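Geometric and topological summary
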Amino acid sequence: MTDEERLQEFEARIAAGDKIEPGDWMPELYKKQLIRLIHQHANSEVMGALPEGTWIPYAPTFKRKLALMAKVQDEVGHGQLLYRAAETLGKSREQMVEELLSGKSKYSNVFNYPCETWADIGIIGWLVDGAAVINQTLMSEGSYGPYSRALKRICLEESFHIKQGYDIVITLMSGTRAQQAMVQDALTLWWWPIIMFFGPHDKDSVHTATLMRWGVKPKSNDEQRQEFLSKFLPKIWEL
């Protein structure tokens, strides 16, 4: 078969809903985009565990401490699953970690912001992880088998993280005026980083068209962002 015939067969499989597996033929650009996407996602899981990990000694109750420890363990485990998925495409874990440490590879910018109060932990768990679940639930239906299967498991665990964060927010909002103000300050701090969690607007996105063409990304950045707003804004206004 020629490369053009292979590409047509490849795209026909994706259109039919088939999963592409590591040993299957795939365009080099598809492989390159997947490695970039999964590597960045794995980095984000690891980096996301760091600000929350610093709060384990300061959690206000023993129950909160146990829950936060479990969440940090989950996040690092998610990184493990995703690095493994990227390895199936031929890039070693050692190289990916080295590129993270050297600053060559990226991760979600939301994890560059300081986590200074317990309310920050609540907002991260409820809304940052809420945004992640919107994104990852959609991506779990994507065309690459190992990534899709890893995301299905990750989303199940992330649903616990959302409930944990929401419980922290509800507890603080049921408390003193100072605690309520702390939640408002945290929401103000994190709101725009959360909104930009989904990436640039579609018109400015370099990679979205290719990822959607080959079934890696079922919905665009702006569609995912709108889905997040529709789901979470009513509850934010209520609180």
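Before reading on, note that the structure itself is shown above.
Overview of the structure. Model, not experiment: these values are computed from the prediction. (Residues numbered from 1 in each chain as written. Predicted model: local features only at pLDDT ≥ 70, side-chain atom pairs only at ≥ 80, totals over all residues. Heavy atoms only, no water.)

**Section: a nonpolar patch on the surface**
A cluster of nonpolar side chains, contributed by F62, L66 and M69, occupies part of the molecular surface with about 320 Å² of accessible area. In this structure, F62 sits in helix α3 (residues 62-87). By relative accessible area, F62 is classed as exposed at 59%. (Patch = residues over 30% accessible without salt bridge, like charges linked within 9 Å, V, L, I, M, F, W, Y side chains within 5 Å. Areas by Shrake-Rupley, 256 points an atom, 1.4 Å probe, with all protein chains shown as cover. Salt bridge = Lys/Arg side-chain N within 4 Å of Asp/Glu carboxyl O. Helix = DSSP H or I, 4+ residues; strand = E, 2+ residues; numbered from the N terminus. Buried < 20%, exposed > 50% of the residue type's maximum accessible area, 1.4 Å probe, protein only.)

**Notes on the packing of helix α5 (residues 118-139) against helix α7 (residues 177-195)**
Where α5 meets α7, the closest approach of the two axes is 9 Å, and the angle between their N-to-C directions is 35°. Along this stretch, α5 crosses α7, giving a crossing that reads as right-handed. Every residue of α7 that contacts α5 at W118, A119, D120, I123, I124, L127, V128 and A131 is listed here: M182, V183, A186, L187, L189, W190 and I194. Of the residues that constitute the contact of α5 with α7, the class distribution is 14 nonpolar, no polar and 1 charged. (Axes fitted to C-alpha atoms, helices over the stretch in contact; angles between N-to-C directions. Left-handed = near helix turned anticlockwise from the far one by under 90°. Contact = heavy atoms within 4.5 Å. Nonpolar A, V, L, I, M, F, W, Y, C, P; charged D, E, K, R; others polar.)

**Comments concerning the nonpolar core**
Counting residues in each nonpolar core, the largest one holds 66 residues, and the members touching the most others are Y30, I38, I123, L127, Y144 and F228. Broken down by element, the residue count for this core peaks at 13 residues, all from α5. Apart from the residues within four sequence positions on either side, Y30 is in contact with F10, I20, S143, Y144, W214 and V216. (Core = buried A, V, L, I, M, F, W, Y, C linked by side-chain atoms within 4.5 Å.)

**Here's the deal with the packing of helix α6 (residues 145-173) against α7**
Look at α6 against α7: their axes get within 7 Å of each other, and the N-to-C directions meet at 140°. The orientation of α6 with respect to α7, classified from their angle, is oblique. In contact with V169, L172 and M173 of α6, α7 contributes Q179, Q180 and V183. For the contact of α6 with α7, the class distribution of residues is 4 nonpolar, 2 polar and no charged. (Parallel < 35°, antiparallel > 145°, perpendicular 65-115°, else oblique.)

**Points about helix α4 (residues 93-102)**
Listing the buried residues of α4 in full gives M96, E99 and L100. Projected down its long axis, α4 carries its buried residues within an arc of 100°, all on one side. Among the exposed residues of α4, those oriented more than 90 degrees off its buried face are E94 and L101. Tucked into the core, α4 has its buried residues touching α2 (28-53) and α3. Looking one or two places after α4, you find G103, whose phi comes out positive at around 90°. (Arc of directions from axis to C-beta.)

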